[in-house]
Structure formats: C-alpha cells, structure tokens
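One-letter residues, chain by chain:
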Amino acid sequence: MKGTVATLVFFAAGCAAGWADLIPESVVESDVTTWILYVLMFLVGIGIGSNPDLKKIIRAIDPRLLVLPLASIAGTLVLSACVSLLTGWGVSDGLAVGGGMGYYSLSSILISQYKEASLGAQLAAELGTIALLSNIFRELFTLVASPFLARRFGPFAPITSAGATAIDVCLPVILKSSGERMLPAAVISGIISDFSVPLLVPLFCSF
Amino acid sequence: MFNVLLVMFAGIAAGYLFRKMKFTASAGKAAGVVIWVMLFALGVEIGSDPEVRGNLSVLGLQALLFAAAGVIGSVLAAVLVYRTLFRNGSGIAAGESPDMEDREGRR
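Rules behind the numbers
Residues numbered from 1 in each chain as written. Chains lettered and ligands numbered in written order. Predicted model: local features only at pLDDT ≥ 70, side-chain atom pairs only at ≥ 80, totals over all residues. Heavy atoms only, no water. Helix = DSSP H or I, 4+ residues; strand = E, 2+ residues; numbered from the N terminus. Buried < 20%, exposed > 50% of the residue type's maximum accessible area, 1.4 Å probe, protein only. Areas by Shrake-Rupley, 256 points an atom, 1.4 Å probe, with all protein chains shown as cover. Core = buried A, V, L, I, M, F, W, Y, C linked by side-chain atoms within 4.5 Å. Domains from an automatic or database assignment. Contact = heavy atoms within 4.5 Å. Phe/Tyr/Trp six-rings, centres within 6.5 Å; stacked < 30°, edge-to-face > 60°. Lys NZ or Arg CZ within 6 Å of the ring centre and 35° of its normal. Polar contact = N/O pair within 3.5 Å; in protein donor to acceptor, adjacent residues only side chain to side chain. Patch = residues over 30% accessible without salt bridge, like charges linked within 9 Å, V, L, I, M, F, W, Y side chains within 5 Å. Salt bridge = Lys/Arg side-chain N within 4 Å of Asp/Glu carboxyl O. Lys, Arg positive; Asp, Glu negative; His and termini not counted. Charge placed at Lys NZ, Arg CZ, Asp CG, Glu CD. Axes fitted to C-alpha atoms, helices over the stretch in contact; angles between N-to-C directions. Parallel < 35°, antiparallel > 145°, perpendicular 65-115°, else oblique. Left-handed = near helix turned anticlockwise from the far one by under 90°. Nonpolar A, V, L, I, M, F, W, Y, C, P; charged D, E, K, R; others polar.

**Student:** Where do I start with the overall build of chain B in this structure?
**Tutor:** Check the secondary structure of chain B and you find four helices and zero strands. In sequence order, chain B lays out its α and β elements as α-α-α-α. Of all 107 residues assigned to chain B, the portion counted as buried reaches 40%. Roughly 5700 Å² of accessible area belongs to chain B as shown, and the carbon and sulfur atoms make up 65% of that amount.

See below:
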C-alpha cells in the first residue's frame, strides 16, 4: 500500500513539474529515460536471479498450479483485447496494457518507452498512463473485494485477480479470504505473473 | 526493442552468479528508486502536453474498463481451473512455503 501511494505521488509530482514547465525541454526530449530503463531492467533481472528462494519455489511446485497463472494471463489478455476494440485502441495496445498483470509501474514505463515507435510520443504516454491507472485499479479492487471473490468464485479468484501482486501487496488479504493453505498457489501465481510482465509487455509493444 | 529483454537476462545471470554477495539483495530496493524516477518522467511527459492533460478523464475511464477486463478475465480463469483441476481440493497445500521478503516498494 505504501508503495502504491508513493507511486502515485511521484507520478503526480511529475505531472505538476511538467505542467509548470519546471523541466527544460532538452531533458524531456532526450533519450535519458531509455538508459534509465536499461538500468531498471538490469536491476529487475538481478532481483530474479539472486532470489534465494528460487530453487525452493521451483521444487515446491505442484505442476497443476502452473496452469493457474497461465490461465489468468490468458483470460486477462482476451478481455483486454475486447476492451481495446471498444475504446478505439489497437489490439496490440490493449494486450500491452493487460500484459501488465497488475505490475503497474514497470508496465506503464515499458509502454510509454516502447510504444513510442508505433504510436508516437503523445499516444504512447497516454497508453502508459492507462496502464498505470488500470493496473493500480486492479490491485485496489483485489484488496477490497478479495473476501467477496473468494466466497462467490472460489479460493483461486482473489489470487488471479491480484495478478503479479499476489506475491506481495495482496498476499495478506488473499490468505485471509482464501485460507492459509493457498500460500503456494498465491506465491507461484504471483511469481509467474510477475516474470511474465517484462516478457509480454515488450512483446506486445513490438507489434 | 528486445534490447530490454537482453539486458534483463544479463541481470538474471549476474544476479545468479553473485547471489552470495550482499549487493544483490538491495537490487529490489534500487529498482524501486529507479521506478520512481521513471514514473516522475512519465508524469512530466503527461503534464507538459496540454492535449494529454485535457484527455486525463478519458484515460481514467478507459483505465477502469481495462481494469475490469483484467479482473473478470482472470477470475473466470480461476473458476475454470478450480473446477477442472482442483475439484477435490487436494494438492494445493503441498510443498513448503518460501519466506517472502517485503517487496512492496518494487511494484
């Protein structure tokens, strides 16, 4: 939760700074952000590679549990493609937004950087903002609605609704509404959704 | 385009090779800081463009639709997987549970 608020604060501060013309044009136009993005992706990679629990997690996997995040990603992508048709965005744009799987910071950054080639800077920034907001909404909804989702749609529903956040922000509320025994399912689903974001979002940005 | 994936896989290799060293543990925190810088930059891009500024309410509405798509799509998937593979409720609790560090700042 703290992280979500901080995210919004930095985004809003940037909006205010841009609106007030505090940042010189030359910095906005430069490709500094591309290089910062490379640094970010390298750090994300180090985080994955050095995870001390990686082997433990892989050993603990019930193969059937792998189906859960894959189905969740597929379901998200199908409906996101439908929404893109409703809203006038291209299908690949909608897939990129849905591919964020709740990982709003990384997905919005990747989209605003890599959609620039096909959409232009303005539309890429707009789609990045949609990715940021929609993935935050998804996290907030899951935090609030988990008990309802678990009761009405079964113990897996809060896990898949949380997407990548099943492993951190939403984990406590998932365990509370679906039961402690859902920990392996939540962890595996969260990790796979998490890892899929830096793979799927750039992929859908390349179309 | 795929440079970004290349860089990430280089990071995974580096993280695995140096996993015993202290600095790899702070990679998540460092990523959190870089993410804030990038979100600030995205904000600047939005704020400095009058046309985008005027579109913010439309963008918010479309974001709601995409959020609904994600929630509904994934919940349908959860129902389907639960009914087809886990009906008897077995196997879910199997395996030890890895300790989760606080990664909230990374998101």
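**Student:** Just checking my understanding: could you explain the nonpolar core for this structure?
**Tutor:** Membership of the largest hydrophobic core comes to 55 residues, with the highest contact counts inside it found for A:Leu37, A:Leu40, A:Leu110, A:Ile111 and B:Val4. Both domains that meet at this core, namely domain 1 (1-53) and domain 2 (55-88) of chain B, each give it at least three residues. Once residues lying within four places of it in the same chain are set aside, the contact partners of A:Leu110 are A:Leu37, A:Met41, A:Lys115, A:Val197, A:Pro198, A:Val201, A:Pro202, A:Cys205 and B:Val4. Counting 27 residues, the second largest nonpolar core, distinct from the first, contains A:Leu68, A:Phe156, A:Ala186 and A:Ile191.

**Student:** I would appreciate a short explanation of the packing of aromatic side chains in the present structure.
**Tutor:** When we look at a pair of aromatic rings, we describe it by the centre distance and by the angle of the planes. Counting across every chain of the model gives six aromatic pairs over all chains. Taking 6.2 Å as the distance between ring centres and 90° as the angle between the ring planes, the aromatic pair formed by A:Phe148 and A:Phe153 counts as edge-to-face. Taking the relative accessible area as the measure of exposure, A:Phe153 reaches 29% and is therefore partly exposed. Grouping aromatic residues by their ring pairs yields a cluster made of A:Phe156, B:Tyr82 and B:Phe86. Between A:Arg64 and the ring centre of B:Phe86, over which it is positioned, the NZ or CZ distance is 4.5 Å. When the ring centre of A:Phe153 is taken as origin, the NZ or CZ atom of A:Arg152, which lies over that ring, is 5.2 Å away.

**Student:** I would appreciate a short explanation of the side chain of A:Ser178 in the present structure.
**Tutor:** Residues and elements named next belong to chain A. You can see Ser178 is positioned in helix α11 (residues 171-178). Among the residues examined, Ser178 registers a relative accessible area of 11% and is labelled buried. One polar contact links the side chain of Ser178 to the main-chain carbonyl oxygen of Pro155, over a distance of 2.8 Å. Excluding anything up to four places from it in sequence, Ser178 contacts Ala150, Pro155 and Pro158.

**Student:** Would you mind going over a positive patch on the surface with me for this structure?
**Tutor:** Taken together, A:Lys55, A:Arg59, B:Arg19 and B:Lys20 make up a surface patch of like positive charges. Within the element layout of this structure, A:Arg59 appears in helix α4 (residues 54-60).

**Student:** Looking at this structure, how should I read the packing of helix α7 (residues 104-114) of chain A against helix α2 (residues 27-47) of chain B?
**Tutor:** Helix-helix packing: each pair is described by the crossing angle between the helix axes and the interaxial distance. Running from amino to carboxyl end, α7(A) crosses α2(B) at an angle of 50°, the nearest separation of the two axes being 10 Å. By the criterion of interaxial angle, the relationship of α7(A) to α2(B) is oblique. The chirality of how α7(A) crosses α2(B) is left-handed. Touching A:Ser105, A:Ser108, A:Ile109, A:Ser112 and A:Gln113 of α7(A) are B:Ile35, B:Met38, B:Leu39 and B:Leu42, all from α2(B).

**Student:** Just checking my understanding: could you explain α11(A) for this structure?
**Tutor:** Owing to its 3.6 residues per turn, the α-helix aligns residues three or four sequence positions apart on the same side. All names here are of chain A. Those residues of α11 that fall on the buried side of the exposure criterion are Leu171, Val173, Ile174, Leu175 and Ser178. Its buried side turned inward, α11 meets α9 (121-153), α10 (157-162) and α12 (183-205). Phi turns positive one or two residues past the end of α11, at Gly179, with a value near 105°.

**Student:** Explanation requested: the packing of helix α5 (residues 63-87) of chain A against α12(A) in the structure shown.
**Tutor:** Residue and element names in this part refer to chain A. Contact geometry of α5 with α12 gives a least axis separation of 9 Å together with a crossing angle of 40°. In terms of orientation, α5 lies oblique with respect to α12. For the crossing formed where α5 meets α12, the hand is right-handed. Along the contact surface, α5 presents Leu65, Leu66, Leu68, Pro69, Leu70, Ile73 and Leu77, while α12 presents Pro184, Ala185, Ile188, Ser189, Ile192, Ser193, Ser196, Leu200 and Phe204. Across the contact of α5 with α12, the residue classes tally to 13 nonpolar, three polar and no charged.

Remember that the coordinates give geometry; whether it matters functionally is a separate question.
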